[in-house]
Every structure is written in C-alpha cells, then in structure tokens.
Amino acid sequence: MAGTSSAVPAAADVFAYTDQQIEQAAAELWPGATVQLGLHVPSVTAYVRRCQVDRRALFAKVSLLGLSLVSVLRGTAGDWARVRAAQAAYQGSPSTLLEREARGLDILREEAGVPACRVAGLQSGVLFTEQVTGPTLADLLAKEPHRTGELMTRVLVELTGLQRPPVARSVDEVAIVERGIGPTFHRKFNGISGPTYLRKAGETGELLAGMVGRLRRLRPVPAAGRRPVVYGDLKPDHAVFPDGPEGRPVFLDPGLARGRPQTDAAKLVSRTVLNLFASPPDRAAAKAIIGGIEVFTDAMTAGLGPDERAAWIKHLVVLWLMDTTNILSTYLTCPADLPLPEHAGKITQQAVAVCTLLDRTTANLLAGTDPRAVWRLALADVAKAADR
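What counts and what doesn't
Residues numbered from 1 in each chain as written. Predicted model: local features only at pLDDT ≥ 70, side-chain atom pairs only at ≥ 80, totals over all residues. Heavy atoms only, no water. Helix = DSSP H or I, 4+ residues; strand = E, 2+ residues; numbered from the N terminus. Rg over C-alpha atoms; globule rule 2.2 N^0.38 Å. Buried < 20%, exposed > 50% of the residue type's maximum accessible area, 1.4 Å probe, protein only. Lys, Arg positive; Asp, Glu negative; His and termini not counted. Charge placed at Lys NZ, Arg CZ, Asp CG, Glu CD. Pairing = 2+ DSSP bridges. Polar contact = N/O pair within 3.5 Å; in protein donor to acceptor, adjacent residues only side chain to side chain. Contact = heavy atoms within 4.5 Å. Axes fitted to C-alpha atoms, helices over the stretch in contact; angles between N-to-C directions. Core = buried A, V, L, I, M, F, W, Y, C linked by side-chain atoms within 4.5 Å. Disulfide = S-S within 2.5 Å. Salt bridge = Lys/Arg side-chain N within 4 Å of Asp/Glu carboxyl O. Parallel < 35°, antiparallel > 145°, perpendicular 65-115°, else oblique. Nonpolar A, V, L, I, M, F, W, Y, C, P; charged D, E, K, R; others polar. Left-handed = near helix turned anticlockwise from the far one by under 90°.

Draft legend 1. Spotlight on the overall build of the protein. Of the regular secondary structure elements, the protein holds 16 helices and nine strands. For 388 residues, the compact-globule formula gives about 21 Å, and the C-alpha radius of gyration of the protein, at 21 Å, lands near that figure. With the principal axes as the frame, the protein shows a C-alpha extent of 60 × 50 × 45 Å. A buried classification covers 52% of the 388 residues belonging to the protein. Treating the 44 positive side-chain charges of the protein as one cloud and the 39 negative ones as another, the clouds have centres 5 Å apart.

Printed below as a string of structure tokens:
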C-alpha cells in the first residue's frame, strides 16, 4: 500500500494513539482494574510498552497494519489520517499479525512443549503478555562467552518439539511468513521500490545496494519437499533464562512458519555477530564467542556427510547475510523521531565495517569457494573486526 500524501506520520502522534489503544483494550479486558503504563520499549517493529494491570506486570504490544514502525513512520502506508483509518479496518480483519503471534505462543507451550511467555489477553489489536524476568541469551553470551556453543545449541534443541506433526498442522493455519528472512529481504529490496528505499540509508545505502545485488544472485533454490517448522524470529533477546544458564529458556515473540532448516541458526548467528560489533568484548571473550559459534554450527550439522554439510553451511551463510542486510538497512532508514534500542544505534555507527564483512563473504561465495572455507574466513573476519 503506497502513500499518496507527502506528509508522514509523526512518532508522537503514533505513540499517543497506541497508548490510548492499550488503555482502552485493558479496560475492556479487565473492567475496573487499575491500569498504569510503564516504560516504552524501543523497537523498530511493533509498539511495545510495559504496563501494570492492578499488580500484574505485563507487556502490551500494538502492530500497525502488520508493518514495522519504521515503515509506517517513513510514510509507506500514507499519512497519519490514512494509517488510522486503515488500522481500524485491519484490527477487525481475521488473522492479524498479533492474533497469529498469540496463537503461536499457545502452540509453543501447549502442543510443542516449549516454554514460552503466556498470553494475558488479546483485545482490539493489542496483545498483552506476561513479563519474563531473567538474563537473555545475549546477556549470558556477554557474561559467559566460553559457554556460547553450549547455550546456542541448547536453545535450538529446546525447539525440537516444533517438528511434531500436529504442531506443523497448527502452524500452517497461523504462519507468520512475513517475518521470514527471505520474504523480508525480497519485500524490502524488490526491483521497484528497493533502490528508493536504499537511498534513504545515506552513504551506506550504496554499499548495501551492491550487497543486495550480489545476494540476489545467491538466492537459494526452493527447498524440495515440505519444509520444517521454524521459530522464525529467534534473536538472542527472544530467549530468556529465568533460572539462569542452567535452567530452560523461555521464548518470546515467535514468528512460527515453515522455513529452511538453517533459518533459526542463521538469525541467532546474525544477531550475535552484530552484538559483537555493537559492544566489542575483550579479545579473549570475542575469541570464545566466535569459537562457540563454530561449535554451535558443528552441532547443527553433526551426522551430515561432507556434501550435505557444505550445502547446509552455504544456506546458513546466505541467510545470515540476508538477515544482517535486512536489519542494518532498517536501522539506517529509521526516522529520527523513532527511538532505537541502544545496541541499534551502536550498530549503525559500525555500518561500514559490517558491510565490509558482508561484502567479502558474499564475494567468496560468488567465487565458488567451498562454503565451509567461506564460513571459516567469515568468522575470522568477525574476530578481526571485534579486536579493533
């Protein structure tokens, strides 16, 4: 849906509207309860705010038209009057993004046996979930880098229940395909609006445009047969360890769908590497994290023959590059009045270094280098970048 007005929505108007939606939805769900809005949680996707309903600590989430906040504030859906009118219709339509996310959380807990945050309520386009306290996977990797391989592997193993046949049937009914790495990449960088979009990224947009062109040439061929169910949005911040590193992780913000087997591993790798750029640890910690990433991918490919492992690694690397390009371009085109998470601002300051890493890795793949060697070279480049 393309905007026709030159005016773009202002973040202040969007936030005031979404706050009102949260308060109204809470009043409808819990009549007579005392509702207090807490801190806004910076995000480039949905509007998220902590809130207190009586003594119950919750997160409230609002998705505008199923689009990212960055897209809405850039005017992709039109001016604010048009967005509000469209949102009223969107909230009443079946299978909205947050309805599917709420159903996904139930599927994780009730059908897949995966610990996930609980849905407290869904009303008028607002999703309320219970807060989960504890260190995230990202926190643990920063604190205990020597356990990187073990912890990343455990997170993936926890999701094994997603492959149960009944779970797959349930997920097919509520799949969040729009959060997939590949669909996001091709939606953002299509031949019509892609160049215009990248121009908003400033000087770095030129570097990204070259990357996008090369990644399009590396587009994976469609996978044969039925693809497995993937978590879909497996960021290190979406796995919380309430009982510390020895306990089971609890998962947040799923994007359940069918996808390539490497999808979840690729997003974990992508965001872990970006965290290294945002907050470089000391040399020993960086070496431990990068070594742990290699241990993690070895665990994911255990039992595969040499050719199968090479193919698996190639798809992992391509999806990693696509995801990093997706999120870096989002951060770089973020309107000035939308608060970014702290790590996002740090990543934009390292955009050229990130693009250099992506460019070298893509060139090695296009040159026909063995994907296993490309992977080792990429990790070595990450180590050099972190040791600056």
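Having seen the model, we can carry on.
Draft legend 2. Just the pairing of strand E2 (residues 47-53), in detail. The buried fraction of E2 is high, at five of seven residues. As judged from the five bridges shared by strand E1 (residues 35-41) and E2, these two strands associate in the antiparallel manner. Along E2, the bridge assignment pairs Gln-36 with Gln-52. One ladder, built from seven bridges, connects E2 with strand E3 (residues 56-62); its direction is antiparallel. By the bridge assignment, Tyr-47 is partnered in E3 with Val-62. Linking two consecutive strands that pair antiparallel, namely E2 and E3, is a turn of two residues; a positive phi of about 55° is found at Asp-54 within it.

Draft legend 3. Up close: the side chain of Thr-362. Note on placement: Thr-362 falls in helix H15 (residues 351-366). A polar contact is formed between the side chain of Thr-362 and the backbone oxygen of Leu-358, at a distance of 2.7 Å. Apart from residues lying up to four places away in sequence, Thr-362 is in contact with Met-211, Arg-214, Leu-215, Leu-218 and Leu-321.

Draft legend 4. Seen up close, the sheet that holds strand E4 (residues 119-123). Taken together, the five strands give an open sheet; going across it, the order is E1-E2-E3-E5-E4, and neighbouring strands pair in antiparallel fashion. The sheet terminates laterally at E1 and E4, the two strands that pair on one side only. With direction set aside, neighbouring strand axes in the sheet form an average angle of 25°. Of the strands in this sheet, E3, E4 and strand E5 (126-130) touch helix H4 (residues 97-110), which is tilted by about 155° from E4.

Draft legend 5. Representation of the nonpolar core. By size, the foremost hydrophobic cluster in this structure holds 112 residues, and its most contacted members are Phe-128, Leu-137, Val-155, Trp-320 and Trp-375. Take this core: its biggest share by element is 13 residues, from helix H13 (residues 306-332). Apart from the residues lying within four places of it in its own chain, the contact partners of Leu-137 are Leu-151, Met-152, Val-155, Pro-236, Ala-239, Phe-241 and Leu-268.

Draft legend 6. Highlighting the state of the cysteines. If you walk through the whole model with that rule in mind, you get zero disulfides. Lacking any disulfide linkage, Cys-355 is separated from the closest cysteine sulfur, that of Cys-334, by 17 Å. Residue classification places Cys-355 among the buried residues on the basis of a relative accessible area of 4%.

Draft legend 7. Structural context of the pattern of salt bridges. Under the defined criterion, the tally for this structure stands at 24 salt bridges. Between Glu-111 and Arg-103 there is a salt bridge whose closest N-O contact spans 2.9 Å. For Glu-111, a relative accessible area of 23% puts it in the partly exposed group. Since its relative accessible area comes to 30%, Arg-103 is described here as partly exposed. Linked through salt bridges whose partners overlap, the residues forming this network are Glu-144, Arg-147, Glu-150, Arg-154 and Glu-246.

Draft legend 8. Spatial organisation of the packing of helix H11 (residues 263-278) against helix H12 (residues 283-300). Between H11 and H12, the shortest axis-to-axis distance is 11 Å and the interhelical angle comes to 175°. By the angle between their axes, H11 is roughly antiparallel relative to H12. Residue-level contacts link Ala-265, Leu-268, Val-269, Thr-272, Val-273 and Leu-276 of H11 to Ile-289, Ile-290, Ile-293 and Phe-296 of H12. By residue class, the composition of the contact of H11 with H12 is nine nonpolar, one polar and no charged.

Draft legend 9. The packing of H12 against helix H16 (residues 371-386), seen in detail. Where H12 contacts H16, the two axes come as close as 9 Å, and the packing angle between them is 160°. It follows from the interaxial angle that H12 and H16 lie roughly antiparallel. Like other packed secondary-structure pairs, H12 and H16 cross with a definite hand, here right-handed. Residues Ala-286, Ile-290, Ile-293, Glu-294 and Thr-297 of H12 form the contact with H16, whose participating residues are Trp-375, Arg-376, Leu-379, Val-382, Ala-383 and Ala-386.

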